[in-house]
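Residues per chain, in single letters:
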Amino acid sequence: MMLTKTEKNFSILFIILLAFEIATSSIDSTASLNYIAKPALLISLIVYFYKQSNHINKTIKKFTLLALCFSLLGDILLMFVSQSQNFFIGGLIAFLTAHIFYVLVFLKQRNRSKRGTLFITLMLLYGTLLFYILKDTLGEMLLPVIMYMIVILTMATSAFLRKDQVVKYSFILVFIGAILFMISDSILALNKFYQPLPFSNFSIMFTYAFAQLFIVFGLLKQP
């Protein structure tokens, strides 16, 4: 799968911004710079997608931009979780909304002849296992987390249902992105509600950032 020169150049910039975010969130002396580094990731992706997306369906463009903007809002809100639990709830709602917009984008390109029964079964098994691990520690977050899990599993499934309806590279990139997003959210949930995980900040941000990048690149591959 060959990247265009524009994609390569943006990928380099994006990786530099990601490294900057991970560094500033990991080193105490640079923590204040994280308030710039974290939003910069999604802002760069929003600008890139907006400039490169003139050729795609207007509704898909609008919904994707909304998904990215709500993701940016979620990133900003989660930076202030230490100040109040309400910021975590707000971040959860923002990312829930972002996932819903991605679901709408993917379903607009779905293969209506594909049922995806096996994949849906795998997603249900995955969701059930994750819920079983988390259920005793969720407390008042039980219902919000269940709702969030349903939406993200739906997002991954809707990405899979684009198979054979869009060009191959578009399907592969978007599908990988959706799975990475699911993994990132799973690590975050386990780290917050189950037990602290080693290198959680790195693994969450790495999977999340590349999830967004792959989804954007994949959507732009579809005429």
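Rules used throughout
Residues numbered from 1 in each chain as written. Predicted model: local features only at pLDDT ≥ 70, side-chain atom pairs only at ≥ 80, totals over all residues. Heavy atoms only, no water. Helix = DSSP H or I, 4+ residues; strand = E, 2+ residues; numbered from the N terminus. Expected span 1.5 Å × (residues − 1). Contact = heavy atoms within 4.5 Å. Buried < 20%, exposed > 50% of the residue type's maximum accessible area, 1.4 Å probe, protein only. Arc of directions from axis to C-beta. Salt bridge = Lys/Arg side-chain N within 4 Å of Asp/Glu carboxyl O.

A. Region of the structure containing unusual backbone geometry. A positive phi is found at Asp164, a non-glycine position, where the angle reads about 70°. Locating Asp164 in the fold gives a position in the loop between α6 (142-160) and α7 (168-194).

B. Representation of α6 in the model. For α6, spanning 19 residues, the distance from its first C-alpha to its last is 27 Å, which sits close to the expected 27 Å at 1.5 Å a residue. Packing partners of the buried residues in α6 comprise α4 (85-108), α5 (117-134) and α7.

C. A look at helix α1 (residues 5-26). For α1, with 22 residues, the first-to-last C-alpha span of 32 Å sits near the 32 Å given by 1.5 Å per residue. When α1 is considered as a whole, its buried residues turn out to be Glu7, Phe10, Ser11, Phe14, Leu17, Leu18, Glu21, Ile22 and Thr24. All buried residues of α1 lie within an arc of 165° about the axis, which places them on one face of the element. Within α1, the exposed residues directed more than 90 degrees away from the buried face are Lys5 and Ile16. Among the structural elements, α2 (34-52) and α8 (200-221) are those in contact with the buried residues of α1.

D. The arrangement of the pattern of salt bridges in detail. The full count for this structure, using the stated rule, is 3 salt bridges. Across the pair Lys221 and Glu7 runs a salt bridge whose closest N-O atoms are separated by 3.3 Å. With Lys221 in helix α8 and Glu7 in helix α1, this pair connects stretches of sequence that are 214 residues apart. Classification of Lys221 by relative accessible area gives partly exposed; the value is 21%. The salt bridge involving Lys135 is made with Asp136; its shortest N-O contact spans 3.3 Å. In this structure Lys135 comes out as partly exposed when scored by relative accessible area, which is 32%.

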